[in-house]
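# Notes for the structure review
What follows is each chain in one-letter form.
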Amino acid sequence: MILPIYVYGQPVLRKVAEDITPDYPNLKELIANMFETMVHADGVGLAAPQIGLPIRVVTITLDPLSEDYPEFKDFNKAYINPHILEVAGEEVSMEEGCLSLPGIHETVKRGDKIRVKYMDENFVEHEEVVEGYLARVMQHEFDHLDGKMFIDHISALRKQMIKGKLNTMLKGKARSSYKMKQVK
Ligand code: NI
């Protein structure tokens, strides 16, 4: 089922999300719905707060990039209770966008290498060192679980430049190709 995506201005996007336990109701269905919603909106990542749930669940697909990066073929993963333990590596600048910020694309600087812990869909714990594009997507998505969005990482000047677009969202007048839940 495709769910509406919560847009900038929705308070849930600014909450610190909670870890969940294996008895969380209908988790498999929730994850399936998140994948469907993400793919339908042409996103590569989706965090549960973006569908209105303040819980630590994220889906990531890198399959759309597999034409250029064959190693990403069929990369579809759900991350439960993820936490970033360490950000390291070279600082790299890359343009980011977000389904909760339709029409905004800005360059964000992030470390190229991270150490993360998370559980898979079966609540098996993993700790990994991740580099490159996946490290970028993970930092963006896991930020959502701490109430952060990528625009928090841009300069005051750039923020000023996108103020008009943000205000449009706060007025509930943003447009996109997918279903959204705006504040008004
Ligand atoms: Ni995002």
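The structure this text deals with has already been given above.
Throughout what follows, the structure given in this document is the object of discussion. (Residues numbered from 1 in each chain as written. Predicted model: local features only at pLDDT ≥ 70, side-chain atom pairs only at ≥ 80, totals over all residues. Heavy atoms only, no water.)

### Some words on the pairing of strand β3 (residues 57–61)
With five of its five residues buried, β3 lies for the most part within the structure. Of the two faces of β3, both are covered, the one formed by Val57, Thr59 and Thr61 as well as the one formed by Val58 and Ile60. In terms of strand pairing, strand β2 (residues 45–47) meets β3 through three bridges, oriented antiparallel. Bridge pairing in β3 links glycine 45 to isoleucine 60. When β3 meets strand β4 (residues 76–96), the two strands line up antiparallel, connected through five bridges. Looking across to β4, one finds that threonine 61 is bridged to asparagine 76. (Buried < 20%, exposed > 50% of the residue type's maximum accessible area, 1.4 Å probe, protein only. Helix = DSSP H or I, 4+ residues; strand = E, 2+ residues; numbered from the N terminus. Pairing = 2+ DSSP bridges.)

### Considerations on the coordination of the nickel ion
The protein atoms that coordinate the nickel ion are Cys98 (SG), His140 (NE2) and His144 (NE2), at distances spanning 2.1 to 2.2 Å. Spacing between the donor residues of the nickel ion along the chain follows C-x41-H-x3-H. Taken together, the residues span a long stretch of sequence, with cysteine 98 in the loop between β4 and β5 (106–119) and histidine 144 in helix α2 (residues 132–144) at a distance of 46 residues. Judged on exposure class, the residue cysteine 98 and its partner histidine 144 are both buried. (Donors = N, O, S within 2.8 Å, 3.2 Å for Na, K, Ca; no water.)

### Re the environment of methionine 119
Mapped onto the secondary structure, methionine 119 falls in strand β5. Separated by 39 residues in the primary sequence, methionine 119 and isoleucine 80 place their C-alpha atoms 4.9 Å from one another.

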